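Structure assessment
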Amino acid sequence: MKIKTILFLIIMTLLVFLIYLTNKDNEIYYVNIDSTNSNNYNEIIKNNYEKNKKLEKYLNVFSKEDYRTTDLIRDIKDNKKINKVTIQNALIKADVLTLNIGINDINYKIGNTNKEELYNYTDQILDDINELLELIRSYSKEKIYFIGLKNTKGISYNDYFEYTNKRLKSICDEYNILFIDIDTKEDINNIVSDYVLSK
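Residues numbered from 1 in each chain as written. Predicted model: local features only at pLDDT ≥ 70, side-chain atom pairs only at ≥ 80, totals over all residues. Heavy atoms only, no water.

Observations concerning the overall build of the protein chain
To keep it simple, the criterion reads: Strands are runs of DSSP state E lasting at least two residues, helices are runs of H or I lasting at least four, and both sets are numbered from the N terminus onward. For the radius of gyration, the atoms used are the C-alpha atoms, and the globule rule reads 2.2 Å times the number of residues raised to 0.38. Burial here depends on accessible area, computed with a 1.4 Å probe over protein chains only, as a share of the maximum for the residue type. Under 20% is buried, over 50% is exposed, and the range in between is partly exposed. Residues count as neighbours in contact if any of their non-hydrogen atoms are within 4.5 Å of one another. Accessible areas in this description were obtained via Shrake-Rupley with a 1.4 Å probe; residue shielding takes into account the shown protein chains only. Only four residue types enter the charge count, namely Lys and Arg as positive and Asp and Glu as negative; His and the chain termini do not. By convention, the charge on Lys lies at NZ, on Arg at CZ, on Asp at CG and on Glu at CD.
Check the secondary structure of the protein chain and you find 8 helices and 7 strands. For the protein chain, the C-alpha radius of gyration of 21 Å lies well beyond 16 Å, the compact-globule estimate for 199 residues. Looking at the protein chain residue by residue over its 199 residues, the buried ones come to 43%. Sequence-distant contacts in the protein chain: of pairs separated by 6 or more residues, those separated by 24 or more amount to 74%. Just so you have it, the protein chain exposes about 11500 Å², and 51% of that area is on carbon and sulfur atoms. Positive and negative charge centroids in the protein chain, built from 28 and 30 side chains respectively, lie 9 Å apart.

Let's talk about helix α8 (residues 188–198)
Heads up, the rule is: Arc definition: it is the arc formed by the directions from the helix axis to the C-beta atoms.
Regarding α8, the residues found buried are Ile188, Asn189, Val192, Ser193 and Val196. The buried side chains of α8 occupy one side of the element, clustering within an arc of 110° when seen end-on. On the buried face of α8, the contacting elements are α2 (41–51), β5 (96–100), β6 (143–147) and β7 (178–180).

So, helix α7 (residues 158–174)
Under the convention used in this document: Any helix carries an expected span of 1.5 Å times its number of residues minus one.
With 17 residues, α7 extends 25 Å from end C-alpha to end C-alpha; this agrees with the ideal 24 Å at 1.5 Å per step. In this fold, the buried residues of α7 make contact with α5 (103–109), α6 (115–139), β6 and β7.

Rendered as structure tokens:
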């Protein structure tokens, strides 16, 4: 009789644990890294996960205005820690990562250089982004969404942003990262959140 009781308790404990693991795997650990910190697509995504009871954790602490690609590379290599969370650990745990980086690097040069120099400089930035994505992929094995660059500098820069985004998409494809083109779209927040939530 005692053996049956012990077996029953063991089986029940295993069942409870399996149910917990099944539910836990359905929850989403969402990390956002944004170099502008001026949009709220991440809040829309977070709120949707919360509403549908899918959110395990949300991290936005590594977003920073004026963040450059090289800053983020350095922070990952140094394993920067904010509020007891390290960036490497956040990348490892992330089920969904949204990444918005590169525009500050470009805005730094636009207006201060001619077009030919700008294109040459952009090739350097794209090399940095390639290094960054390779580094991120070494930690994050789940879904990563790279938000493309938006032209806020006027029609004379349309060709430049088209070229840059095309190159960015190609780099993203290499690392199995989903590229979100926002350049010709007005409503960035809904475009990004709809894209992420539909995948």
